[in-house]
Amino acid sequence: MNRWTTARITQTQSSSAPSGGQRTQRNKERCRSNTQKKEVEEEGGQGFGKERKETVPRASCQTMCPAQELRERESQNRLHHFEVVPGTEAFRKPSGDPLRAVKEYSRPAAGKDAAKPSDLRLPDVLLRTVCYLIDEIVGSPSPHPWTEVYSFVFDRLRSVKQDMIIQRLSGKDCVAILERTVRFHIYASYRLCGEPLRIYDPRINDTHLQEYLSWLFDCYKTGAGPYPNQEEFQALGLLYNLGSSAATQHVLELPVRLRQTPSVKLALAISQAFLAGNPVRLLRLAQKLDFLQACALHRHLVTCRRHLLLIYSHGFSSRNCRFPLDRLARLSSLEAPLAAGLCRAYGVEVNQHNQVVFSKSAFAEPAQGRLECKLYHGIVSEKERGLAVKSIIHGCS
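It should be emphasised that the depicted structure is a prediction, and the values quoted were computed from it without experimental measurement.

Draft legend 1. Representation of unusual backbone geometry. Although it is not a glycine, Asn77 adopts a positive phi angle of roughly 55°. Inspection of the secondary structure puts Asn77 in the loop between helix H3 (67–75) and helix H4 (123–138). Residue class for Asn77 comes out partly exposed when judged on its relative accessible area of 44%. Positive phi, normally seen in glycine, also occurs at Ser333, with a value near 55°. Relative to the elements of secondary structure, Ser333 occurs in the loop between helix H15 (325–331) and helix H16 (336–345). The class of Ser333 is buried, set by a relative accessible area of 17%.

Rendered as structure tokens:
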């Protein structure tokens, strides 16, 4: 876990801590840090950038799922329906398809050899596995709910990460896998926003995404390169972690050639607008983002628009002042009906003449569950038109 991930967790938790709860907050941070460290160690390594004394295991498995695991899961009826031979789904024990089965994630058990060569997939097989998950599962036109797709792919990508850590995989294959994985998690954070926690937990998705980003940036820093997609991911990392001083510092320490690229310059401008408390400028700049960049930014849009309404509630707080709703809608990058709904959620009055009546005393936080983030995704969804999901995650959009 590098300093960026640690700083991000600290900042996020501190901003939400109640007044006077500093000791409790520090305990929570320490607990989460220990939990994440334990998870990385369980998955086969002591950290992404640290060398260990023992010999690096040699992988020999050339299929997406080791043959022994496929036999075991088939006999125990533990195959996912994405992995069975078509036409056998209704059988008491469906047959496993070696061309569709993918090694599942499992925590190392006592006495179990997690580094067994026949269970470890070769680097090119790991990359082929990730491409299969994107092309045939994520990008499939099948009618399966996307929450089910996400659950399956999340688990199988976690297994890929486990194999990578055990082998201490590095180089271009490692970067190619991590880049696709980061895109998947960023897209999922937008696609599944607002889903019930029992089927999608944004905090778990965030935890894994931050780990993948940290590992990817370590690869960029220590690898031989060149890495043609580095500009894209440095911008995505900053947009996703908007407001994080550690993320901003990381970008400012990049070589000048990277800081001056269009994507990174735009992300820095948006970050500066966010830190300066200028939501109007932020939303105007956000119009220039591509779809995946907008997905990375989307989780900050509610905060940004709340800040806009709060500023205007103080700046235009007057009994005789009326602010045109259509103008507020343009400033907040929303349709007029949604802008009106957002105002009412925060206690801001919209009269029958479509005029906003700002009052600093009337501004209030919405009741839990009243403000649905996904209703206000227009600035993101309009950029998705005509794009195929698998192209987005492969970086071909």
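Draft legend 2. Structural view of the packing of helix H5 (residues 146–167) against helix H7 (residues 202–222). Put simply, H5 and H7 touch, their axes get as near as 13 Å, and they point 35° apart. Here H5 runs over H7; the crossing is left-handed. The segment H5 lies against H7, with Tyr150, Phe154, Leu157, Arg158, Lys161, Met164 and Ile165 engaging Ile204, Asn205, His208, Glu211, Tyr212 and Trp215. Split by residue class, the contact of H5 with H7 holds eight nonpolar, two polar and three charged.

Draft legend 3. Structural detail: the packing of aromatic side chains. The full count for this structure, using the stated rule, is 17 aromatic pairs. Considering the side-chain rings of Tyr150 and Phe154, the 5.6 Å spacing of their centres and the 35° angle between planes classify their relative orientation as tilted. Here Tyr150 and its partner Phe154 are both found in helix H5, four residues apart, which amounts to about one turn of the helix. You'll find Tyr150 and Phe154 in the same group, each marked buried. Aromatic pair Tyr190 and Phe291: ring centres 5.7 Å apart, planes at 85°, arrangement edge-to-face.

Draft legend 4. How the structure looks around the pattern of salt bridges. Evaluation of the coordinates by the stated rule reveals 11 salt bridges. When the shortest N-O distance is used, the salt bridge between Glu69 and Arg73 registers 3.0 Å. Taken together, the positions of Glu69 and Arg73, both in helix H3 and four residues apart, correspond to about one turn of that helix. The pair formed by Glu69 and Arg73 is uniform in burial state, with each residue classed as buried.

Draft legend 5. Molecular detail of the confidence of the model for the protein. The pLDDT averaged across the protein works out to 86; a share of 84% of its residues lies at or above 70. Ranking the elements of the protein by mean pLDDT puts helix H1 (residues 3–16) last, at 42, and helix H8 (residues 230–240) first, at 97. Note on residues 44–53: pLDDT under 50 across the span, and 13 contacts to partners over four residues away in sequence or across chains.

Draft legend 6. Spotlight on the sheet that holds strand S1 (residues 323–324). A sheet is described by the order of its strands in space; here three strands give the open sequence S1-S3-S2, paired in antiparallel fashion. Strands with a single pairing partner mark the edges of an open sheet, and in this sheet they are S1 and strand S2 (349–350). Two elements, S2 and strand S3 (residues 355–357), share two bridges in a ladder whose sense is antiparallel. Residue Val350 lies in a different strand from S3, and its bridge partner there is Val356.

What counts, and where the lines are drawn
- Per-chain numbering applies: the sequence of each chain, read as written, is numbered from 1 onward.
- With the structure being a predicted model, the display of local features is reserved for residues of pLDDT at least 70 and the display and counting of side-chain atom pairs for 80 or more, all residues being used for whole-chain, interface and lining totals.
- With hydrogens and water stripped out, all remaining heavy atoms of the structure feed into the side-chain values.
- Numbering of helices and strands runs from the N terminus, with a helix taken as a DSSP run of H or I at least four residues long and a strand as a DSSP run of E at least two residues long.
- Whether a residue is buried, partly exposed or exposed follows from its accessible area with a 1.4 Å probe, protein chains only, as a fraction of its type maximum: under 20%, in between, or over 50%, in that order.
- Where helices are involved, their axes are fitted lines through C-alpha atoms of the stretch in contact, as for all axes, and angles between N-to-C directions lie from 0 to 180°.
- We call a crossing left-handed when the near helix sits turned anticlockwise from the far one by less than a right angle, and right-handed when that turn is clockwise.
- Contacts are assigned to residue pairs with any non-hydrogen atoms lying within 4.5 Å of each other.
- Amino acids are sorted into nonpolar (Ala, Val, Leu, Ile, Met, Phe, Trp, Tyr, Cys and Pro), charged (Asp, Glu, Lys and Arg) and polar (every other residue, Gly among them).
- Each aromatic pair joins two rings of Phe, Tyr and Trp (for Trp, the six-membered one) with centres within 6.5 Å, and gets the label stacked for planes under 30 degrees apart, edge-to-face for over 60, and tilted for any other angle.
- What makes a salt bridge here is a side-chain nitrogen of Lys or Arg within 4 Å of a carboxyl oxygen of Asp or Glu, nothing more.
- The quantity called pLDDT is the predictor's confidence in a given residue, expressed from 0 to 100.
- At least two DSSP bridges between two strands are required for those strands to pair.

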